[in-house]
Amino acid sequence: MSSSGSNAVTLNALLKKTEHYDKDERYMAISDLCEALKRHAASSTSYSSSPSLPLIDASTERRICTAVLSLLDDSSNDVQTVAVKTLGVLLTTVQEELVAEIADKLCTLVLDSTKSDLHDVYAIGLTTLITKIPLHMGDVVSHRLVGRLIDGIRLSSNSSFILVSCFELMTHLVSRFGTMPNVKRQHDAILQISLLQLSSTETVVRKRAGSTIGVMSRVLSDALLHQLVDRLLRQIDLAEGVGKSGKRRARAARANSTTTDPIADTRAILRTMCTVSGEVGHRLTQSQIDCIIPIFLRFCDAEDAMSGDDEASEDESVSMEETEEAVELANELRESCFAGFSSFVLRCPKEVMPHLKSIVGASLAYMRYDPNYSYGDEEEGEEEDGDESSGVEEFSEDEDEYSEEEDEEDDDDDASWKVRRGAIQALTAVVESTKLQNMDPSSLWTEEYSWRKDQSMKTTVAGALVKRFKEREENCRVAVIDCFTRLLAMTVAAAKNGMISLESGEEESGVPVIDLRSKYVPAIVKACEKQLEAKKGGERTKTSALALLSTLCVAPGGIGEPTQIESVFAHIHSILSPDPKHRTISTGLTKSIKLDALCLVRIMMTCDQHDASCIKHAFLSTLLGEVCNAVQEDWYKVIAEALRVLAEVPSLLLLEKEWKAQQMTDEDSPNNTEETNQVAKALYDAIEPRLAAHDLDQEIKECALVASAQLLSVLHPSLSTEQQHRLLSLLLERLKNETTRIAAMKTLPILASSSKSSRLDVSPILSNVVSELASLLRQQSRGVKQSALESLDMVIQCHGQDCGGDQDVELYDGVLRELGMIIVDSDLHISHLSL
């Protein structure tokens, strides 16, 4: 029997089994049919001249389509699932005519209200068809589906599940084939029917209609897009406002309106407008944006941004007695508006510029919107703030913490945190927009805004963010810290570019001056420390606080005074400490927080904004033992970062030694020598086991090599001869190992550049190192040869005079022969290094 006949028999047998009374037989049949279709699909798309399997004839294709469609309403859910999967494979192999027929059949089933039990299966099948068919079939299939889906929406107003399915299918269809000719001709009809459903009584229908409009906005012509925005604006203008001022403006707008359009649901309109602005905000005109933003601000009036610390008037007390539904509606509207602000600020920053102050003012007001919770100290903190221009109050020691007992009594139904999060995200968008436009960020630090009902109480954006570090909801708290971190990083970058100055006393330089060190740094450090010491604080909060301190390190003045450096190191000690009594984090969060803490320590040690002597004394007295213990951790990332920190310790001691030499002080006092010997011993005990071990992660091996090289280069006088030889022999061993030889070669220049006054004796391994480096010049890898040449150059320059015997002459003769063999015209850089 031919292969074609055998294949037909197999397919016929499978098709017959799909009608078997046993569901297990049907399941196996449709599964085998799916695999057979996959093989045929792979064969038909093969680049070979003749397919490995014969193509399926038209009659069999039709029978397969009929069988798969019939199994979509099978009594077994497992059979239905495989049938949907098979349909996705089938659509890539059958002819266009059959695909159109399948689309018609599935659309009919979706619109049939009598088959509600299997409605979801049919909708999934049609969604699979829309997403799986080849693009060249999209126009034909869209022509079959768009009109029927529009009619289904129009005629199924009483069937919410059909409406939802139609909008979901329309969204997929427009998203994939929205630019096809047959779909473009239906853009206006799709738009109109979707806008009508924004006034539906079903929330889920309104949401799906808004999503469809959002996807439609990507492919609409400019004329239709402007019509859409104008209609949404009219609807929003007539919508019920939020708060006293919003409702008053809404009543005035309705009184002056002559439109006959039905008033849609306020949440749906705002959500849709925000979706459209997020998708195509850059295509909106200046006049449209000038209309949209004031309307949005109506729903985010700063006068309605109440906090538990505010004293409400009688009228406000009455308005606060609103139903839960009204409060929920107001919060959802405000959240949608702030999402819209974020989109506008990022997508069309130039057009939004005239409204930016209003957006920032509303965001600052609602960043503290927490009507059901009182922090207890906000009023006192602002009244006692001695420096009004700074906008930052000091954190009192007895300040209520978000993580203590009071937070346990929070109302789980309180969704005001979503409004605060939206306001914070809008401020973050302002910061990002300022960065993207390369604008001067000084206004965010110096310009004051009223953010409470008492207009006399003003604050800057930066000051308000630092105040809100005490936020009780972690999602909002993390967003606040991250926003301020971005603002600080952007400000430091602007200072480096000369746009602003962060040093006080430079007012006459002609650039804006921000006194970061005296007005902000103490409050920032104190606020971050409160997050680190909170035992019930989340991992994300602590991570954000550590990231902020890392960013602060690169600003002029860094963390601040020696007392602040010691305080930060003390908090890091509590994170790294293995003693549960001193630990401020739970065991489950230890690893990642330890990694972030070690990264902060390394940044503080390497940045040039801190006094080396202060860092050295604080580190040795507080953290050295904990970092050495961290090298024994289980997680390789923590081990590697701890080794990087230890690698910086010798350099820190060297910097202090040079500073003392400049100050003409006695640098070789017995106390200093004893301290150096103790540090060297602690470093050796921590580094040597990791350098000697073989079954370790590659990152740990490389960090151990660097740390040992730094230890030998700077502190070799404090190591015994035996310890020096042990480390040198391990370095030589790593040089001979294929996986670590490049990392080992990079450490050789560190050893060679040791202090001239007390040069490290590398004679025990010098000959072997030179010989090994010379042998590496024969490698095919260009990177290996380049690293070997650079290391040879440094080693011979610094220690070449230590070689003088006959054996060393022969060694150098061998090196010269190897060098001569790689001097070629084809690689001038390698030739240059060789010469």
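A quick note: this is a predicted structure, and the numbers were derived from the prediction, not measured.

A. Summary view of the overall build of the protein chain. The helix and strand tally for the protein chain stands at 40 helices and two strands. For the protein chain, buried positions account for 51% of its 835 residues. Taking as baseline every contact in the protein chain between residues at least 6 positions apart, the subset at least 24 positions apart corresponds to 74%. Of the accessible surface of the protein chain, which amounts to about 38100 Å², a share of 48% is contributed by carbon and sulfur atoms.

B. Focus on helix 3 (residues 58-71). An ideal rise of 1.5 Å per residue puts 20 Å on 14 residues; helix 3 measures up with 20 Å between its terminal C-alpha atoms. All buried positions along helix 3 are accounted for by Thr60, Glu61, Ile64, Cys65, Ala67, Val68, Leu69 and Leu71.

C. Representation of the packing of aromatic side chains within the structure. Inspection of every chain in the model, using the stated rule, returns nine aromatic pairs. Taking the centre distance of 6.3 Å and the plane angle of 55° together, the rings of Phe296 and Phe344 count as tilted. Of this pair, Phe296 sits in helix 15 (residues 286-298) while Phe344 sits in helix 17 (residues 324-347), and the two are 48 residues apart along the sequence. Exposure remark for Phe296: the relative accessible area of 0% places this residue in the buried category. Seen from their ring centres, Trp445 and Tyr520 are 5.0 Å apart, and the 85° between their planes marks the pair as edge-to-face. Within this pair, whereas Trp445 is found in helix 22 (residues 443-446), its partner Tyr520 is found in the loop between helix 25 (516-519) and helix 26 (521-533), the two being separated by 75 residues in sequence. Residue class for Trp445 comes out buried when judged on its relative accessible area of 2%. For Arg334, the ring lying beneath its charged end belongs to Tyr369, and the centroid distance is 5.3 Å.

D. Quick look at the pattern of salt bridges. According to the stated counting rule, one finds 22 salt bridges in the structure shown. Note that Arg283 and Asp222 form a salt bridge whose closest N and O atoms lie 2.7 Å from each other. Note that Arg283 is positioned in the loop between helix 14 (266-280) and helix 15 and Asp222 in helix 12 (residues 222-238), a separation of 61 residues in sequence. With relative accessibility at 23%, the residue Arg283 sits in the partly exposed group. Between Arg734 and Glu733 there is a salt bridge, and its shortest N-O distance comes to 3.5 Å. Judged by its relative accessible area of 4%, Arg734 falls in the buried class. By sharing partners, the salt bridges in this structure join Asp370, Arg420, Arg468, Glu471 and Arg472 into a single network.

E. Spatial organisation of the packing of helix 5 (residues 96-111) against helix 6 (residues 119-132). At their nearest, the axes of helix 5 and helix 6 sit 9 Å apart, and the two run at 150° to each other. If you check the angle between helix 5 and helix 6, you find them roughly antiparallel. The crossing of helix 5 and helix 6 is left-handed. Listed contacts from helix 6 to Val99, Ile102, Ala103, Leu106, Cys107, Leu109 and Val110 of helix 5 are His119, Tyr122, Ala123, Gly125, Leu126 and Leu129.

F. The arrangement of the confidence of the model for the protein chain in detail. Confidence in the prediction for the protein chain averages 78 pLDDT; 77% of positions are at 70 or higher. Across the protein chain, the element-wise mean pLDDT spans from 47 in helix 20 (residues 378-383) up to 91 in helix 24 (residues 474-496). Overall, residues 46-53 carries pLDDT values under 50, and its contacts beyond four positions in sequence, including any with other chains, amount to five contacts. Predicted confidence is poor over residues 394-410, with pLDDT under 50, and the contacts of this stretch with residues over four places away or in other chains come to 39 contacts.

G. Region of interest: the environment of Val352. For Val352, the position within the fold is in helix 18 (residues 349-352). In the structure, Val352 is positioned 62 residues away from Asp290 in sequence and 8.0 Å away in space, judged by C-alpha atoms. Here Val352 is in contact with Ile289, Ile293, Phe344, Val345 and Ile359, once residues within four sequence places are set aside.

H. Main features of the packing of helix 3 against helix 5. Interaxial distance between helix 3 and helix 5 falls to 11 Å at its minimum, and their mutual angle equals 20°. Taken as axis vectors, helix 3 and helix 5 run roughly parallel relative to one another. The two elements helix 3 and helix 5 meet at a crossing, and its hand is right-handed. Residues Glu61, Arg62, Cys65 and Leu69 of helix 3 touch helix 5, and the partners they reach there are Glu97, Leu98, Glu101, Ile102, Lys105 and Leu106. Here the residues of the contact of helix 3 with helix 5 are counted per class, giving five nonpolar, no polar and five charged.

I. Representation of helix 37 (residues 763-776) within the structure. Along its 14 residues, helix 37 runs 20 Å from first to last C-alpha, staying within 8% of the 20 Å computed at 1.5 Å per residue. Along helix 37, the positions that sit buried rather than exposed are Ile765, Leu766, Val769, Val770, Glu772, Leu773, Ala774 and Leu776.

J. Spotlight on the environment of Val638. Its place among the elements puts Val638 in helix 32 (residues 636-662). Remark: the alpha-carbon pair of Val638 and Ile700, spanning 62 residues in sequence, is separated by 9.4 Å. Once residues lying within four places of it in the same chain are set aside, the contact partners of Val638 are Lys591, Lys594, Leu595, Leu598, Ala630 and Glu633.

K. Representation of the side chain of His355 within the structure. When you line up the elements, His355 lands in the loop between helix 18 and helix 19 (356-367). Assessed through its relative accessible area of 13%, His355 is described here as buried. Setting aside anything within four residues of it in sequence, one finds His355 in contact with Ile289, Asp290, Ile293 and Pro294.

Basis of the calculations
Residues numbered from 1 in each chain as written. Predicted model: local features only at pLDDT ≥ 70, side-chain atom pairs only at ≥ 80, totals over all residues. Heavy atoms only, no water. Helix = DSSP H or I, 4+ residues; strand = E, 2+ residues; numbered from the N terminus. Buried < 20%, exposed > 50% of the residue type's maximum accessible area, 1.4 Å probe, protein only. Contact = heavy atoms within 4.5 Å. Areas by Shrake-Rupley, 256 points an atom, 1.4 Å probe, with all protein chains shown as cover. Expected span 1.5 Å × (residues − 1). Phe/Tyr/Trp six-rings, centres within 6.5 Å; stacked < 30°, edge-to-face > 60°. Lys NZ or Arg CZ within 6 Å of the ring centre and 35° of its normal. Salt bridge = Lys/Arg side-chain N within 4 Å of Asp/Glu carboxyl O. Axes fitted to C-alpha atoms, helices over the stretch in contact; angles between N-to-C directions. Parallel < 35°, antiparallel > 145°, perpendicular 65-115°, else oblique. Left-handed = near helix turned anticlockwise from the far one by under 90°. pLDDT = per-residue confidence, 0-100. Nonpolar A, V, L, I, M, F, W, Y, C, P; charged D, E, K, R; others polar.

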